[in-house]
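The chain contents come next:
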Amino acid sequence: MLSSLRLPVIGAPMFIVSYPKLVIAQSQAGIIGTFPSLNARKEGELDDWLTSIKKNINPKKHPKSSGLYGVNLINHHSNNRLEEDLNCIVKHKVPLVITSLGAPDNMVPRIHDYGGLIFHDVTNIKHAKRAAKSGVDGLVLVCTGAGGHAGGLNPFAFVTETKNWFDGLIILAGSLSTGHHIAAAKRIGADFSYMGTRFIATKEANAHQAYKEMITKVDLYDVSSSFS
């Protein structure tokens, strides 16, 4: 399944920003495009989005396409659409499901039943081991600099310690945006690089033009000073 990728990259699911146009463009370019299910706001919209994405990333029509895409599910009691969205994902047999927050115990067998993969976002070893206990195929190690700034661990330490006990796929997230970063992530043991910000300034991203322009102009000082 993953052998169709041109690069070991997953386009991170960005709230509001990752819409079908971006997911389709990412998948057509040979990586895995993803989006949060909650970006589809209207009733029935998630079903329409998945239908459109599948139609437009067919490798038979787009030779460079990976044919792969994914949906991010927020596994939290505040998400009153969780079961409805999961049913829609199962219906479409979405190749990759990325879960966040609560351990996906009940989701894993449903995704595996149709041959899909399930990855889980984690910010520390405790959560990583809990997700592994659920039977996930991969762990998204959310490190310093990742979207939302939820992670605070050094990627070298996090990847190394996780690989000591986890045999599944490792996805590294946090300040990755170039080919050099992809190579470095592979070198330290990650199977995939998780990239979000890199795609915000693209024409397919659902972001305000001023935001896109800001992304291309700021430097490390601008980013670090905003958190001081």
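If you're wondering where the values come from, they're calculated on a predicted model, not measured in any experiment.

(A) Local environment of the environment of Val 122. Looking at the secondary structure, you find Val 122 in strand β5 (residues 117-122). Not counting the four nearest positions on each side in its chain, Val 122 is found in contact with His 127, Ala 128, Ala 131, Leu 139, Val 140, Leu 141, Val 142 and Phe 158.

(B) Highlighting the nonpolar core. In this structure, Phe 35, Leu 50, Ile 89, Leu 139 and Leu 141 are the most contacted members of the largest nonpolar core, which totals 50 residues. The residues touching Ile 89, leaving out its near neighbours within four places in the chain, are Leu 50, Val 71, Leu 73, Val 94, Val 97, Ile 111 and Tyr 114. Within the second largest apolar cluster, 16 residues are counted, among which are Leu 5, Ile 10, Ala 12 and Tyr 194.

(C) Expanded view of the packing of helix α2 (residues 45-56) against helix α3 (residues 82-92). With their axes 10 Å apart at the nearest point, α2 and α3 run at an angle of 25 degrees to one another. One element, α2, and the other, α3, form an angle in the roughly parallel class. Crossing handedness for the pair α2 and α3: right-handed. In contact with Leu 46, Asp 47, Leu 50, Thr 51 and Lys 54 of α2, α3 contributes Asp 85, Cys 88, Ile 89, Lys 91 and His 92. By residue class, the composition of the contact of α2 with α3 is 4 nonpolar, 2 polar and 4 charged.

Calculation rules
- Every chain is numbered independently, its residues counted from 1 as its sequence is written.
- It should be noted that, the model being predicted, local features are given only for residues of pLDDT at least 70 and side-chain atom pairs only at 80 or more, the latter also being counted only at that level, while totals for whole chains, interfaces and linings use all residues.
- With hydrogens and water stripped out, all remaining heavy atoms of the structure feed into the side-chain values.
- To qualify as a helix, a DSSP run of H or I must reach at least 4 residues; to qualify as a strand, a run of E must reach at least 2; elements of each kind are numbered from the N terminus.
- Between two residues, a contact is recorded if the distance between any of their heavy atoms is within 4.5 Å.
- By convention a nonpolar core is built from buried Ala, Val, Leu, Ile, Met, Phe, Trp, Tyr and Cys residues, the set being connected through side-chain atoms within 4.5 Å.
- Residue burial is assigned from relative accessible area. The probe radius is 1.4 Å, only protein chains are included, and a residue is buried under 20% of its type maximum, exposed over 50%, and partly exposed in between.
- To define axes, lines are fitted to C-alpha atoms, for helices over the stretch in contact only, and angles between the resulting N-to-C directions are given on a 0 to 180 degree scale.
- Each angle gets one of four labels, with under 35 degrees taken as roughly parallel, over 145 as roughly antiparallel, 65 to 115 as roughly perpendicular, and the rest as oblique.
- The handedness criterion is simple: a crossing whose near helix is rotated anticlockwise from the far helix by less than a right angle is left-handed, and one whose near helix is rotated clockwise is right-handed.
- The classification used treats Ala, Val, Leu, Ile, Met, Phe, Trp, Tyr, Cys and Pro as nonpolar, Asp, Glu, Lys and Arg as charged, and all other residues, Gly among them, as polar.

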